[in-house]
Amino acid sequence: MSSGEMQYAPPFLNPALSPIRVLLSYANRPGTVSFAGGHPDVSLFNVDALREASEIVSSRLAGCLQYGETGGQPAMREAAANLSAGRGVKADPSSEVIITGGSQQALSLVAQVMLTVGDKVIVENPCFPSTDQALRHTGAQLIPVTSGASGIELEELEEAIRQHRPKMMCVVASFSNPSGSTLSAEKRKKLLGLALKYKVLLVEDDPYSDLRYAGEPVPPIAAFADEEERNWIVYLSSLSKTVAPALRIGWMVAPAELRRRCLVAKQADDLSTSPWTQEIAAEYLRAGAFHSHLPSLIKTYGHRCETMCSMITELSGGRLTFTKPEGGMFVWARLTGGRKAQDLLQHAIDQEVVFVPGNAFYPDPSKQDPSTLRMSFASVNSDLIIEGVKRLVKAIDILDAQ
Ligand SMILES: Cc1ncc(COP(=O)(O)O)c(C=O)c1O
């Protein structure tokens, strides 16, 4: 049988390769400065504390090698509930929390139990490409709503809800990927109000909120909801950005009925997240390493963010504009004067610097802004950030000279 006869499911008939993955081949070239990846910096992982946690768990290894509970190891569920409660999102570890393979799996499970072909789901425009994928794979239709410097536009959102009657909406309220934007407390409350008014499940994806470098902390949207209102919110978070993505540990805090259905979906997906890594992560958190390490992450990433922003302002001559993010890992920049990020990319690669052109993040090609680009400051030290921005500005010079 030729592959042409294979009857793939509709979402996989012509799946595009992630443009970010394609870029990584350039990003990994020796000498290239990469602002392309969205990864935390390997050199900032708390390896000693993870090793210690791992050794403690090794001393009772046999107990970690069996299949685990689908909802997660009790110690890790407790730890995730504590982390959530520390942000203002109270959760019962036994009836509301599921430990997942990263927050990506949590989103995918919620998508599976909520959406099917023909359903509609609201996403931020631009949004994280794997959010787009997880939702699209259910056959649901994505309704993009503009997310600007201060997060999702509420008027446009309400209009889209009225017009499309979506079942669900997904937002990153703090330091979004890619836009870096953060919703104010007031907008969070209004967004919650819209979810309740129109009975749309609000999925709050919150992998970055612990990484705040400036401004006043704002609690997650879920923290503004009372017990009844929480029936309309699923809160997702992760250890990927603040401990290590290789653990593949994220979690959801969901209303009990939705959680029960997500457990069934997770049984079909992977039976359980590795008990071994859950125990290591739970031990790391129990020992206090999470909170003792966080300030140094905030200091280093905050400094890198500052360096990237000030270098762009100083060197680009107004040809690259941006709103400085208050946290997270990304500067979402805009080329002025009709310049296009895709046109700049090849010159940038020639100058040995890479970024992700904004078109990778728009769910609807007709609603793209071709001038945008995502620059991550997380995994590049400050000296290289300075060098990388200099190279990028040289690439803009070359683009302008054409
Ligand atoms: C907005 C957003 N959601 C989810 C994820 C996935 O995180 P995890 O490693 O927990 O699956 C990422 C990772 O980059 C992200 O940026």
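Residues numbered from 1 in each chain as written. Predicted model: local features only at pLDDT ≥ 70, side-chain atom pairs only at ≥ 80, totals over all residues. Heavy atoms only, no water.

S.K.: Just give me the short version of helix α2 (residues 47-58), but keep the residues and values in it.
M.R.: The first and last C-alpha atoms of α2 sit 16 Å apart over 12 residues, in line with the 16 Å expected at 1.5 Å per residue. Next to the buried residues of α2 lie α9 (275-286) and α10 (289-315). (Helix = DSSP H or I, 4+ residues; strand = E, 2+ residues; numbered from the N terminus. Expected span 1.5 Å × (residues − 1). Contact = heavy atoms within 4.5 Å.)

S.K.: Help me get a handle on the nonpolar core, residues and values and all.
M.R.: Of all hydrophobic cores here, the largest spans 62 residues; its most connected members are M76, L157, M169, L191 and L239. Domain assignment of the residues forming this core places at least three in each of domain 1 (3-46 + 293-401) and domain 2 (63-289). In this structure, L239 is in contact with M76, L83, A244, L247, I249, W251, A281, L285 and F290, ignoring residues within four places of it in sequence. If you look at the next biggest cluster of nonpolar residues, it comprises 40 residues, including L23, A27, A333 and F361. (Core = buried A, V, L, I, M, F, W, Y, C linked by side-chain atoms within 4.5 Å. Buried < 20%, exposed > 50% of the residue type's maximum accessible area, 1.4 Å probe, protein only. Domains from an automatic or database assignment.)

S.K.: Can you tell me about the pattern of salt bridges, naming the residues and giving the values?
M.R.: Counted by the stated rule, this structure contains 22 salt bridges. Note that R136 and D132 form a salt bridge whose closest N and O atoms lie 2.7 Å from each other. Taken as a pair, R136 and D132 lie in helix α5 (residues 129-136) at a separation of 4 residues, close to a single helical turn. Here R136 falls in the partly exposed class, since its relative accessible area comes to 36%. The closest approach of N and O atoms between E283 and R286, which form a salt bridge, is 2.7 Å. Here R286 and E283 lie together in helix α9, a separation of 3 residues that amounts to about one turn. Overlapping salt bridges bring together R319, R339, D397 and D400 as one network. (Salt bridge = Lys/Arg side-chain N within 4 Å of Asp/Glu carboxyl O.)

S.K.: Give me the lowdown on the domain arrangement of the chain, citing residues and values where you can.
M.R.: Entries for the chain in the domain assignment read domain 1 (3-46 + 293-401) and domain 2 (63-289). Computed over C-alpha atoms, the centres of domain 1 and domain 2 are 25 Å apart. Contacts between domain 1 and domain 2 engage 30 residues on the former and 34 residues on the latter. Carbon and sulfur atoms supply 64% of the area that domain 1 and domain 2 bury against each other, a total of about 2600 Å² over both sides. (Buried area = accessible area lost by both parts, 1.4 Å probe.)

S.K.: I'd love a proper account of the packing of helix α4 (residues 102-114) against helix α8 (residues 256-269), names of residues and values included.
M.R.: Here α4 crosses α8 at 110°, and the two axes come no closer than 9 Å. By the angle between their axes, α4 is roughly perpendicular relative to α8. Every residue of α8 that contacts α4 at Q105, L109, V110, Q112, V113 and M114 is listed here: L258, R261, C262, A265, K266 and D269. Grouping the amino acids of the contact of α4 with α8 by side-chain chemistry returns 7 nonpolar, 2 polar and 3 charged. (Axes fitted to C-alpha atoms, helices over the stretch in contact; angles between N-to-C directions. Parallel < 35°, antiparallel > 145°, perpendicular 65-115°, else oblique. Nonpolar A, V, L, I, M, F, W, Y, C, P; charged D, E, K, R; others polar.)

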